[in-house]
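Examination of the molecular architecture
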Amino acid sequence: MSAKSHHKKQRYYARWKHYFPRDGNAIYSSSLAASPEVGGLLIQGDNLDALQMLRDNPNVCGKIRLVYIDPPFGTRQIFTIAEHRIATISRGNGGEVAYRDSLFGQAYLGFLKARLQAIREIMADDGSIYVHIDCKVGHYVKCLMDEIFGAENFINDITRIKCNPKNFNRKGYGNIKDIILFYGKTRRFVWNDVRQPIEVSIGDERFRAVDSDGRRYTTTPLHAPGETVNGATGKPWRELRPPAGRHWRYPPSTLEELDKKGLIEWSSTGNPRKKIYADEVVRAGIKIQDVWVFKDPQNPKYPTEKNLEMLKLIVSNSSRPGDVVLDAFCGSGTTLVAASELGRKWIGIDDSQVAIGTVKRRLPGGVFMYSHHVELERCRLNGQVG
Ligand SMILES: C[S@@+](CC[C@H](N)C(=O)[O-])C[C@H]1O[C@@H](n2cnc3c(N)ncnc32)[C@H](O)[C@@H]1O
């Protein structure tokens, strides 16, 4: 680094340090101190520098419980807003540029890798990260994630249905999905197991049987596919063996308990089945699977704005009230709105003036602007690309 650019960088860090004093809870400004449980920090600038600054702050480093990022996908497109209409154009002619997605190939992966490494450093050990990406680069990004977070910390590759079926004249199938890679920093990641609500109507055919106390129920087999060679679930229970090629869902001691509690129904031929009560199914909800339908908003406020309900699901599942949620490519601030509505603290970073303006409109009050020389950072980024 030349003496001149070193000097520039020092000046730049000095400016940031002003905003991140090391004492107390200084990450949140004085008005946030009045309600320390919620609130946020909005940073305008290149996220690599912002992340390095956050790493140097002991109030933040190691305390980020949840990260969601939706970086550019290496599409070589320019996203603009013209007269309140969102447009995607491949050449910048007309409209205000919201952001440029100009990196691709190795330069793109290098850009993302540096940011993922910086993010990992500031995450809490029980934190997790969701990386939203498209199918063209998703598999390369999965390799990066395995390298940085460890393949052993991979949790899910979520398919997200993003739009209605398309009828474009395209040689190939319509693309209506993108992907979200979900990793823990460690296997101790926070997980609230949020369930999808379910309704069971009175006429539901599955719950035809009625108990002596009037509760409706159905029954399911007590065995599952696959033989257990040595474990308890392969052992006979009351002289009954699981059918060939199957094992008991529970060890015999648990089966005994279930039977004592009246949770097993015996057929006239002596076949045991587990009772599943309709009211318990409703109370427990359904386990959420790895294919999600969260279509992008019809009238977005910002290009590539994501579905708020999807972000609420992520925030609810992977953080607790009062935790800090980070979006280092925050765009219009969908993650920040979700975090704010769910009582989490948030940190948003974006280098686009349009994005910052949109976040401020979506989150009036409690939003704090920390601006710096975007131009300086653009020079740096261009240097990296070239
Ligand atoms: C796909 S958009 C995010 C959209 C967002 N999820 C939403 O719901 O509105 C990606 C964002 O990353 C920002 N961005 C790209 N490179 C960046 C960088 N190096 N530093 C900070 N922000 C960056 C862009 O300005 C853009 O707003």
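Because the structure is predicted, anything quoted here is derived from the model rather than measured.

Let us now look at the packing of helix 4 (residues 105-122) against helix 5 (residues 138-149). Where helix 4 meets helix 5, the closest approach of the two axes is 10 Å, and the angle between their N-to-C directions is 35°. As for how helix 4 packs across helix 5, the hand of that crossing is right-handed. On helix 5, the residues touching Leu 109, Leu 112, Lys 113, Leu 116, Gln 117 and Arg 120 of helix 4 are Tyr 140, Val 141, Leu 144, Ile 148 and Phe 149. Taken together, the residues of the contact of helix 4 with helix 5 break down into eight nonpolar, one polar and two charged.

Okay, helix 3 (residues 47-55) next. Residue pairs spaced three or four apart in an α-helix point in one direction, given the helix's 3.6 residues per turn. Most of helix 3 sits out of view: seven of its nine residues are buried. All buried positions along helix 3 are accounted for by Asn 47, Leu 48, Asp 49, Ala 50, Leu 51, Met 53 and Leu 54.

This next bit is on the site of the ligand. Near the ligand there are 19 residues, and of these Tyr 99, Phe 329, Gly 331, Ser 332 and Thr 334 occur at the shortest range. Of the residues belonging to the shell around the ligand, the class tally is seven nonpolar, six polar and six charged.

Time to look at the confidence of the model for the chain. Summarising the model, the chain shows a mean pLDDT of 83, and 81% of its residues fall at 70 or more. In the predicted structure, residues 8-37 sits below a pLDDT of 50 and forms 32 contacts with residues beyond four places in sequence or in another chain. Every residue in residues 369-386 is under pLDDT 50, and counting partners more than four places away or in other chains gives 24 contacts.

Turning next to the sheet that holds strand 14 (residues 264-266). Strand order in the open sheet formed by four strands is 10-11-15-14, with antiparallel pairing between adjacent strands. The open sheet is flanked by strand 10 (209-210) and strand 14, the only strands paired with a single partner. Note that strand 10 and strand 11 (residues 216-221) share two bridges and pair antiparallel. If you follow Ala 209 over to strand 11, its bridge partner there is Tyr 217.

One way to put it is that helix 8 (residues 308-318) packs onto helix 9 (residues 334-341) with a least axis distance of 9 Å and a crossing angle of 55°. One way to sum up the angle between helix 8 and helix 9 is to call them oblique. The crossing of helix 8 and helix 9 is right-handed. Contact residues: helix 8 offers Leu 308, Leu 311, Lys 312 and Val 315, while helix 9 offers Thr 334, Thr 335, Val 337, Ala 338, Ala 339 and Glu 341. The residue inventory of the contact of helix 8 with helix 9, partitioned by class, reads six nonpolar, two polar and two charged.

This part covers the pairing of strand 11. The hairpin turn running from strand 10 into strand 11, its antiparallel successor, is five residues long, and Gly 214 in that turn takes a positive phi close to 85°. Pairing analysis gives five bridges linking strand 11 to strand 15 (residues 272-277), with the strands arranged antiparallel. For Thr 220, the partnering residue across the bridge sits in strand 15 and is Lys 274.

Now for the nonpolar core. One finds Val 67, Ile 119, Val 131, Leu 181 and Ala 355 to be the most contacted residues of the largest nonpolar core, which totals 64 residues. Excluding anything up to four places from it in sequence, Ala 355 contacts Ala 98, Tyr 99, Tyr 302, Cys 330, Gly 331, Ser 332 and Asp 350.

For Lys 275, the position within the fold is in strand 15. Residues Lys 275 and Thr 220, spaced 55 residues apart in sequence, show a C-alpha to C-alpha distance of 6.7 Å. With residues near it in sequence (within four places) discarded, Lys 275 still touches Tyr 217, Thr 219, Leu 263, Ile 264 and Glu 265.

Time to look at unusual backbone geometry. Leave glycine aside and you will find that most residues have negative phi; peptide bonds, for their part, are mostly trans. Residue Arg 238 is not a glycine yet carries a positive backbone phi of 45°. Looking at where Arg 238 falls in the secondary structure, it is placed in the loop between strand 12 (223-225) and strand 13 (246-248).

Conventions we followed
Residues numbered from 1 in each chain as written. Predicted model: local features only at pLDDT ≥ 70, side-chain atom pairs only at ≥ 80, totals over all residues. Axes fitted to C-alpha atoms, helices over the stretch in contact; angles between N-to-C directions. Helix = DSSP H or I, 4+ residues; strand = E, 2+ residues; numbered from the N terminus. Left-handed = near helix turned anticlockwise from the far one by under 90°. Contact = placed C-beta atoms within 7 Å. Nonpolar A, V, L, I, M, F, W, Y, C, P; charged D, E, K, R; others polar. Buried ≥ 20, exposed ≤ 12 C-beta atoms within 10 Å, placed from the backbone. Near = placed C-beta within 6 Å. pLDDT = per-residue confidence, 0-100. Pairing = 2+ DSSP bridges. Parallel < 35°, antiparallel > 145°, perpendicular 65-115°, else oblique. Core = buried A, V, L, I, M, F, W, Y, C linked by C-beta atoms within 7 Å.

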